[in-house]
Structures are given as structure tokens and as C-alpha cells.
Amino acid sequence: MNVLEVSDLKKHFPIRAGLLQREVGRVRAVDGVSFHIAEGETLALVGESGCGKTTVSRCILRAQSVTSGAIRFRPEDGREVDLATLPKRELRPLRRHLQMIFQDPYASLNPRMMVGDIIAEPLKVNGVPAAERQARVLELLELVQLPASARTRFPHAFSGGQRQRIGIARALALHPRLVVADEPVSALDVSVQAQIINLLLDLQDRLSLSMLFVAHDLGVVRHISDRVAVMYVGRMVEVAPTDALYRSPRHPYTEALLAAVPAPDPARRGRRIPVTGEVADPARPPPGCAFHPRCPYAVERCRTEQPNLGEVEPGRWVSCHRAKELSLAGVA
Amino acid sequence: MAEPSALSIRDLAVQFRNEQGVIRALDGVSFDLRAGQTLGIVGESGCGKSVTARSILRLIDRPGRITGGQILLDPAGPQAIDLTALDPDSRQMQQVRGGRIGLIFQEPMTALSVHYTVGNQIIEAIRQHRDLSKADAKAQAIALLGEVGIPHPQRRIDAYPFELSGGLRQRVGIAMALAGNPDIVIADEPTTALDVTTQAQILGLLQRLQREKGIALMLITHDMGVIAEMADEVAVMYLGRIVETAPVERLFAAPRHPYTRALLRAVPSILATPRQRLSTIGGAVPHPGLRPTGCSFHPRCTEMLGERCRREIPASVPLGVSGGASCFLPGASE
Ligand SMILES: Nc1ncnc2c1ncn2[C@@H]1O[C@H](COP(=O)(O)OP(=O)(O)OP(=O)(O)O)[C@@H](O)[C@H]1O
Ligand SMILES: Nc1ncnc2c1ncn2[C@@H]1O[C@H](COP(=O)(O)OP(=O)(O)O)[C@@H](O)[C@H]1O
Ligand code: SF4
Ligand SMILES: [Mg+2]
Ligand SMILES: [Mg+2]
């Protein structure tokens, strides 16, 4: 059963100029993206910065409007809504099913509220009675492995990792159907990051959490996600089960991303040939396959004809003209 | 054969003083940066990596102060200079800064002004250290931009920094650091703000420039992958001290300090099995104002020996290429 089904999602930002602020172009930040998240599943969204990852997650949370496409969400069994077209008024009661974990544990907590109140806030807003709130806060603190005494302290008394735990507790307060986490561990030190990754793995097991995990660290992603969606200039280029994607990528961009990660092993030094060039500008994406100017395998067709995402084997989707013939290098 | 030391740090201590008290940001740091080699400095946030870099360039501002130790430039030569003895604003220190020691920042905009073109700023930096006409300096600047891999340097020289992507900006940052032709370069997390793909390009560039120019590179990072890729020798920092130094192969094959071991195990890996848990280090780095007694890692250490670790401070790591750890465990220090 899918919690979320996104089809052909587009989000274009108009570029305005001149006295009349006329539209002179469009940033195609998200330009026809489709994927789903099954119940209890974590899907990672990866790609270089500017590829559109944050825009996708903001569309799902309706932190911004959607240009076109559908975002079908199942808040409860037997009920389905299209977040892309739902009026704001009907969105409000859905918020509790759709929660967010932020990147910056410093900016996302109100410094003037006690931790207990921060975690209880969503409960209060949704009319949970005070006595029940108390009990739930204690339960949540235990869940994220913070002491009960944390309740009466203010955020500044906590380290970055502890604040991230508080943010996670708040996100989980109402048993959300889907959690959207945009770079939730990238601001943390390695030792703290390891603790939070383990916590998220525990929560996945205990709560059968469904999660969209936006990240750029491919190491973190391999630990946490069941499947991975790779984005490039507003489009999906590959969607695959995690292990398969790392072992045998089917899109040249996925191969390039994996090759760029420095392995923590000096014996493997110098084996990588980094991909050249930079991410294309989504206001002026190259014709054909947007990756072709950087792709070592590009042929004439790639320069003129845009490839579509197609299923190359069960559960594996790739958008590349040469997907069937190329044999690309993965990382064991 | 070990290369001679280009820069020797000895017992460096830096303190910040504020209402709450004294923060010992660096508490007896010693290491050698060898000519033409890359020394990787690794450690978690707040352990003193940037303070080390800024102290060497005498860029520590109030309330910070160097309270002890030496920073010796050309320590083996007849004209060794102790940078701690110089006035930070002196002509000599200004010549060292940029002329002998270049600095690359995490965020290249730290080194660049938004008001001037890239070209103006590099030309200015070149002329600060070399007696060249404007036209010659401009030719140099264009050559330098080409060298750091900026396409169409003749055109890009007129660009403003904000018109460039993050990767190109960091290339300009590197060009700025090289403008005075330094033989030592300190790079403080030069790729932390970049994508892995751009990081790979920038690291490759640093490697090439270092080889071509024989630069001694001090590369600060918190990424063990970057260390493995780049360093000849490594210094691991914790709470204002160096807890281990080692040639890079040995650091990864046989780390001697429990903190190094724990850090290496905590790094997420692109080779992980599905849903693989990481081993963690309990707790977090304490605030340096609340430094634990004895070995400052003892409250988080799983291999602690008891009272001794709580009370006594282990000896600093030995100097010399083979390195060692600052730890009481048997075999750690040789
Ligand atoms: N201006 C300052 N005033 C007070 N304390 C300072 C100041 N600058 C640095 N410190 C303290 O010195 C210690 C070392 O800081 P430093 O910036 O060198 O850490 P770092 O290792 O570079 O960390 P990061 O990985 O976060 O860059 C920290 O505890 C920091 O709080
Ligand atoms: N509000 C906005 N107005 C105009 N362009 C935007 C806006 N938000 C994002 N973009 C552009 O959309 C593209 C995708 O951005 P983003 O989703 O933040 O990427 P990512 O999260 O993958 O780094 C970028 O080119 C970005 O500059
Ligand atoms: S379609 Fe062509 S250019 Fe695009 S990834 Fe495939 S081979 Fe490369
Ligand atoms: Mg983003
Ligand atoms: Mg720093």
C-alpha cells in the first residue's frame, strides 16, 4: 500500500524582469517527477544542490504551490487526497499526518519555549487533553532517548544532536503517516550523526515509519533508505532499491555521484575520475538529456531527444537512452 | 626520508576570555608541517581546527589571545621566524600572510568582496606581494584563473563573485590564496560547502597544484574520506589538543587513540549493508570551558583504564613522522 504517489509533478518559478515585471522565463526547478513511497518505507532523494530536491519536498508539504501534476496522499486507510490541488482550508486538518524534520536543529526550535511544550505543541493544536499530552511527551522523550528532565529545560541547554532529537520527537508526536526530512543529519558532527542515524533506524523498526529522506551524503543514504531516487535538473534519472543502485547503477549520473564519494581508505586513493562540469541551470536546461554535456557516454541522440523514465527491470526505473546497453561501475 | 619541516607548531595555547570565564581553545598543540607534503587535520566541531589555522596567520582577534607556544616558519633554516613574536599588523606579518602562507576558506566569500570583480581582487592580491605593473599583474591573474580550472579566464576576470557558482567561487578562492606564490597553504574545510562532485574536482585541483608547486598543504576537514584521499600525515584533534598523529595508511589500518578508532567506526559508508547501524561515541564533545580532568576524552572512552585516565593528562603525541597517540593504553604512544 502506498502512502504517497507523486505523478508528473512540476514546479516552475517565473523569472520576471522589466518595469512591468513581465515573465521572461521560467526556472524549471521540478519538471515532471514521478515516484511513490510505500507504507513503512524510506525513500531517499539525492542529487547535487540545485537539482530540485527541496522543491519536491516543499511541494509535498504544500509549503509552496504546485505548477502541475498530482500528489496523492493516503492520510488514513481508505482515504486519498491530492495534495497538489487541495484547497488550503482542507489542508489544515491533514497537517498532523504529514510532518517535517528540519536540517538546522538550531533554527527550528523556539528558544523561548520549554522542550516539553515544544513537543506538546502539535498535540495541543490537535485538541489532545492536557493529561494525555503529559504522558505522550514522556513517551516521546523516551522514544528519542532523552531524559524526562529535558521537559522543563529550554533548547539552548541542548547540543545540536539533542536538539535534533527534540525536533524528531515533535515530528512524531501525532503518529504521522509520512515524515519528510530534508537533510536532517547534514549539520551534525560524525559522532552525533551516527547516533541520529541509529535512532532513525530504530524508529523505522518500531513505528514502521514512512519517510522521504532528502540528502546529499550517499553514505548516510545507504544506511537509512530502502530505495533511492536520483534527481538531476528537475527530473528523476534513476529510481531503484538501495543495494541495487549502489552495486550496479544504471544511469551515468548515478555512477558519477558514486564515483565522487571519497572512500575512507587510503589504499583506494586516486581511483576516481571526477565528473566534469557543473549542474545545468534549470532556467535553461540543455536540450535532449539534461546530463549530456557532462555525460561520458553521450551519443548524438542524447543531444536532441529527451529520454523518459522507463522500467528497465522490475522495480528499477531509469531515464537514459543507453540504459540497456551500458555497463556502469558501482561500489560493491 | 622525511621532508624538512616548513612550519613547526610547538605547545601552542590560545585562550578566549569572556564573562563566563576562560576557554582554552588550544591547549598545547604541537606538530610539523613538512615541505611539499599534505598534513590532514581532522576532528569534530569545536575541537580547535580553525583556531589553529587562524593563529598561524595571526588572525585571532579579541577576546582571543595566543597565551603560549611558538609558530616557527622555516624552523630548520638559519632564519627561522617565530610568528607568535610578530605584531599581527606588522609589515613582516603581512608579507607572511599570503606571501609565504596562503589561506583557503570554507566559504570563499570570506576572502572575497562583493563589490569588486574577481580580477580586481586577484590583481590586488598579486601586487601586494610582487612588484608588477597593472598590465603584468592582470596577465598573471588570467593565467592563475586558468590554472585553477576556470573556463574562459579572460572573460571571467570581469565577473563579480556572486555571478559564479559555488564551485567556481572556491576556484577563485584558491587563486586568491596562490596569488602571492606561497609555499605553504592552509585550507580550512575547503570543500565542506560543496557537492561531492565539485568536491572531487576541487580536491583533484589542490593535489595537482600542490605537486606542481611543491606546496606544503595543511588541510583541515572533518571528513575521514577527504583525509584518506589527500593526506600524507594526519593529526587528530580533540578539545584543543592533538590526540594522535600518524602517516595516513597507519591511521586507517591501525589507529592508536580510542577517539580515532571511535571516529572511524562512526563514519557512514557507501559500502554499508542495508539498514546497517553505526557504532556511536557516547555523549558529545564537551564545551571547552568544561574540559574534563585527566585525559579529556575519558568520559566518552570505552577503553578507559580507570583512575589514571581520570586524573592524569597523558603525554603529548611524540613529534616525528611515525607519530603516536596521547593515551595511557599500552603501545599508544610509540
Ligand atoms: N571568537 C571566539 N570567542 C570565543 N570562543 C571562541 C571564538 N572562536 C573560537 N572559539 C572557541 O574555540 C574552540 C575551537 O573553535 P574552532 O573554530 O577552532 O573549532 P573547529 O575545530 O574549527 O570547529 P568546526 O568544525 O565547527 O569548524 C571552540 O570551542 C570555540 O567555541
Ligand atoms: N522560490 C524560488 N524562486 C526561484 N527559483 C527557485 C526558488 N526555490 C528554488 N528555486 C530554484 O529551483 C532549483 C531547485 O532548487 P532546490 O529544490 O532548492 O534544490 P536542492 O534542494 O536539490 O538543492 C534551483 O535552481 C533553485 O535556485
Ligand atoms: S541519455 Fe545519453 S547523455 Fe543522458 S545519461 Fe544517457 S547516455 Fe548520457
Ligand atoms: Mg535542498
Ligand atoms: Mg572550523
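Not measured: the values here are computed from a predicted model.

Student: If you had to explain the overall build of chain B to someone new, which residues and values would you point to?
Tutor: Of regular secondary structure, chain B possesses eleven helices and eleven strands. Computed over its C-alpha atoms, the radius of gyration of chain B comes to 21 Å, within 12% of the 20 Å expected for a compact globule of 334 residues. In terms of its C-alpha atoms, chain B occupies a principal-axis envelope of roughly 65 × 50 × 45 Å. Taken over 334 residues, chain B has a buried fraction of 54%. Counted over contacts in chain B with a minimum sequence separation of 6, partners at least 24 positions apart contribute 65%. When the accessible surface of chain B is totalled, it reaches about 14,100 Å², and 50% of it is carbon and sulfur.

Student: Break down the nonpolar core for me, with residues and values.
Tutor: Residues and elements named next belong to chain A. By size, the foremost hydrophobic cluster in this structure holds 104 residues, and its most contacted members are Phe 35, Ile 60 and Ile 71. Per element, the largest residue contribution to this core is eight residues, and it comes from helix H6 (residues 190-207). Two domains each donate at least three residues to this core, and these are domain 1 (2-225) and domain 2 (251-332). Not counting the four nearest positions on each side in its chain, Ile 71 is found in contact with Leu 4, Glu 5, Val 6, Leu 9, Cys 59, Ile 60, Val 66, Val 81, Asp 82, Leu 83 and Ala 84.

Student: Please set out the pairing of strand S4 (residues 68-73) of chain A residue by residue, giving values where relevant.
Tutor: Residue and element names in this part refer to chain A. Relative to S4, strand S1 (residues 2-17) is paired through five bridges, and the arrangement is antiparallel. If you follow Glu 5 over to S4, its bridge partner there is Arg 72. Pairing geometry for S4 and strand S5 (residues 81-82), over two bridges, is antiparallel. Pairing of Arg 72 across the sheet is with Asp 82, part of S5.

Student: Describe the site of ligand 3, with residues and values.
Tutor: The full set of residues close to ligand 3 is His 251, Pro 252, Cys 289, His 292, Cys 295, Tyr 297, Ala 298, Cys 302, Pro 307, Cys 320, His 321 and Arg 322 of chain A. Across the shell around ligand 3, the residue classes tally to eight nonpolar, three polar and one charged.

Student: Could you give me a rundown of the confidence of the model for chain B, with the residues and numbers involved?
Tutor: Mean pLDDT for chain B: 93, with 99% of residues reaching 70 or above. ipTM for the predicted complex: 0.89, alongside a pTM of 0.92.

Student: Which residues make up the sheet that holds strand S3 (residues 38-42) of chain B, and what are the values?
Tutor: All names here are of chain B. Strands sit in the order S6-S7-S8-S3-S9-S10-S11 across an open sheet of seven strands; the sheet is mixed. The sheet is open, and its two edges are formed by strand S6 (101-104) and strand S11 (324-325), each paired on a single side. Where S3 lies against strand S8 (residues 216-221), five bridges are found, and the strand directions are parallel. Of the residues in S8, the one forming a bridge with Val 42 is Thr 221. In the packing of helix H10 (residues 258-266) onto the sheet, contacts are made with strand S9 (233-238) and strand S10 (241-247), and the angle to S9 comes to roughly 100°.

Student: Which residues make up the state of the cysteines, and what values go with them?
Tutor: Residues and elements named next belong to chain B. Applying the stated criterion across every chain, the model contains zero disulfides over all chains. Here Cys 301 stays free of any disulfide, with the sulfur of Cys 309 as its closest cysteine sulfur at 6.5 Å. Accessibility expressed as a relative area gives 18% for Cys 301, which makes it buried.

Student: Residues and numbers for the site of ligand 2, please.
Tutor: Residues and elements named next belong to chain A. Contacts to ligand 2 come from Phe 13, Val 27, Ala 29, Glu 48, Ser 49, Gly 50, Cys 51, Gly 52, Lys 53, Thr 54, Thr 55 and Pro 282. Separating an oxygen atom of ligand 2 from a backbone N or O atom of Gly 52 is a distance of 3.0 Å. Measuring from an oxygen atom of ligand 2, one finds a side-chain N or O atom of Thr 54 at 2.7 Å. Coverage of ligand 2 by the protein amounts to 62% of the 560 Å² it exposes when considered alone. Only strand S2 (22-38) and helix H1 (53-60) provide two or more residues apiece to the shell around ligand 2. The element best represented in the shell around ligand 2 is H1, accounting for three residues. Tallied by class, residues from the shell around ligand 2 come to five nonpolar, five polar and two charged.

Student: So what about the interface of chain A and chain B? Which residues, and what values?
Tutor: Taken residue by residue, the interface counts 45 residues in chain A and 44 residues in chain B. Together, the buried faces of chain A and chain B total about 3,700 Å²; carbon and sulfur atoms form 55% of this surface. On the chain A side of the contact with chain B, Val 190, His 223 and Arg 269 of chain A bury the most area, a combined 18% of that side's loss. Linking chain A to chain B there are three salt bridges. In this structure, the salt-bridge partner of Arg 277 of chain B is Asp 202 of chain A, at a minimum N-O distance of 2.8 Å. Inspection of the chain A/chain B interface yields 24 residue pairs in polar contact (both at pLDDT 80 or more).

Student: Can you explain the environment of Ile 281 of chain B? Please cite residues and give values.
Tutor: Mapped onto the elements, Ile 281 of chain B comes out in the loop between H10 and helix H11 (307-311). Given the relative accessible area of 2%, Ile 281 of chain B is considered buried. If we skip the residues at most four places from it in the chain, Ile 281 of chain B touches Ser 191 and Gln 195 of chain A together with Tyr 259, Ala 262, Leu 263, Phe 297 and Arg 300 of chain B.

Student: Mind laying out the sheet that holds strand S5 (residues 81-82) of chain B, listing which residues take part and the relevant values?
Tutor: Residue and element names in this part refer to chain B. A sheet is described by the order of its strands in space; here four strands give the open sequence S2-S1-S4-S5, paired in antiparallel fashion. Of all the strands in the sheet, the pair left with one neighbour each is strand S2 (21-34) and S5. Inspection of the sheet shows strand S1 (residues 5-18) paired to S2 by eleven bridges, in the antiparallel sense. Looking across to S2, one finds that Ile 9 is bridged to Phe 31.

Student: Quick rundown of the domain arrangement of chain A? Include the residues and the values.
Tutor: Note: interface size is frequently given as the accessible area lost on complex formation between the parts. Residue and element names in this part refer to chain A. With domains assigned, chain A is organised as domain 1 (2-225) and domain 2 (251-332). With centres defined by C-alpha atoms, the gap from domain 1 to domain 2 works out at 29 Å. In this complex, domain 1 contributes 14 residues to the contact, which on the side of domain 2 involves twelve residues. Between domain 1 and domain 2, a total of about 880 Å² is buried, with carbon and sulfur atoms accounting for 63% of that surface. Here domain 1 is connected to domain 2 by one salt bridge. In this structure, the salt-bridge partner of Arg 294 is Glu 48, at a minimum N-O distance of 3.0 Å. Counting across the interface, domain 1 meets domain 2 through four residue pairs in polar contact (both at pLDDT 80 or more). Of all the elements in the fold, those that place two or more residues in the side of domain 1 that touches domain 2 are S2 and helix H7 (218-224). Top element by residues in the side of domain 1 that touches domain 2 is S2. It accounts for five residues. Among the residues making up the side of domain 1 that touches domain 2, the classes are represented as six nonpolar, four polar and four charged.

Rules used in this analysis
The residue numbers shown here count from 1 along each chain, following its written sequence. Chains carry letters from A onward and ligands carry numbers from 1 onward, assigned in written order. Note on the predicted model: pLDDT of at least 70 is required for a residue's local features to be given, and 80 or more for side-chain atom pairs to be given and counted; whole-chain, interface and lining totals, by contrast, use all residues. Hydrogen atoms and water are omitted, and side-chain values are computed over all heavy atoms in the structure. Comment: elements are numbered from the N terminus, with helices defined as DSSP H or I runs of at least four residues and strands as E runs of at least two. Put simply, the radius of gyration uses C-alpha atoms, and a globule should come to 2.2 Å times the residue count raised to 0.38. Three labels apply to residues, based on accessible area from a 1.4 Å probe with only protein chains included: buried if under 20% of the type maximum, exposed if over 50%, partly exposed otherwise in between. Any two residues whose heavy atoms approach within 4.5 Å are treated as being in contact. In short, Shrake-Rupley with a 1.4 Å probe defines the accessible areas, and a residue's cover is counted only from the protein chains shown. What we call a nonpolar core is a set of buried Ala, Val, Leu, Ile, Met, Phe, Trp, Tyr and Cys residues that are connected through their side-chain atoms within 4.5 Å. The split into domains, and so the bounds of each, comes from an automatic or database assignment of domains. When DSSP finds at least two bridges between two strands, those strands are taken to pair. Whether a residue is near a molecule or strand is decided by its heavy atoms; if any one of them lies within 4 Å of it, the residue is near. Gly counts as polar in this scheme, as do all residues outside two lists: the nonpolar Ala, Val, Leu, Ile, Met, Phe, Trp, Tyr, Cys and Pro, and the charged Asp, Glu, Lys and Arg. Every residue gets a pLDDT, meaning the predictor's confidence in that residue, from 0 to 100. Only the stretch in contact is used when fitting a helix axis, every axis being a line fitted to C-alpha atoms; angles between N-to-C directions are given from 0 to 180 degrees. The definition used for a disulfide is geometric: two cysteine sulfur atoms within 2.5 Å. Definition of a polar contact: a pair of N or O atoms within 3.5 Å, with one able to donate and the other able to accept a hydrogen when the atoms are protein atoms, and with sequence-neighbouring residues admitted only if both atoms are side-chain atoms. Accessible area that two parts lose when put together, with a 1.4 Å probe and added across both, is what the buried area reports. Just to be clear on terms, a salt bridge is a Lys or Arg side-chain nitrogen sitting within 4 Å of an Asp or Glu carboxyl oxygen.

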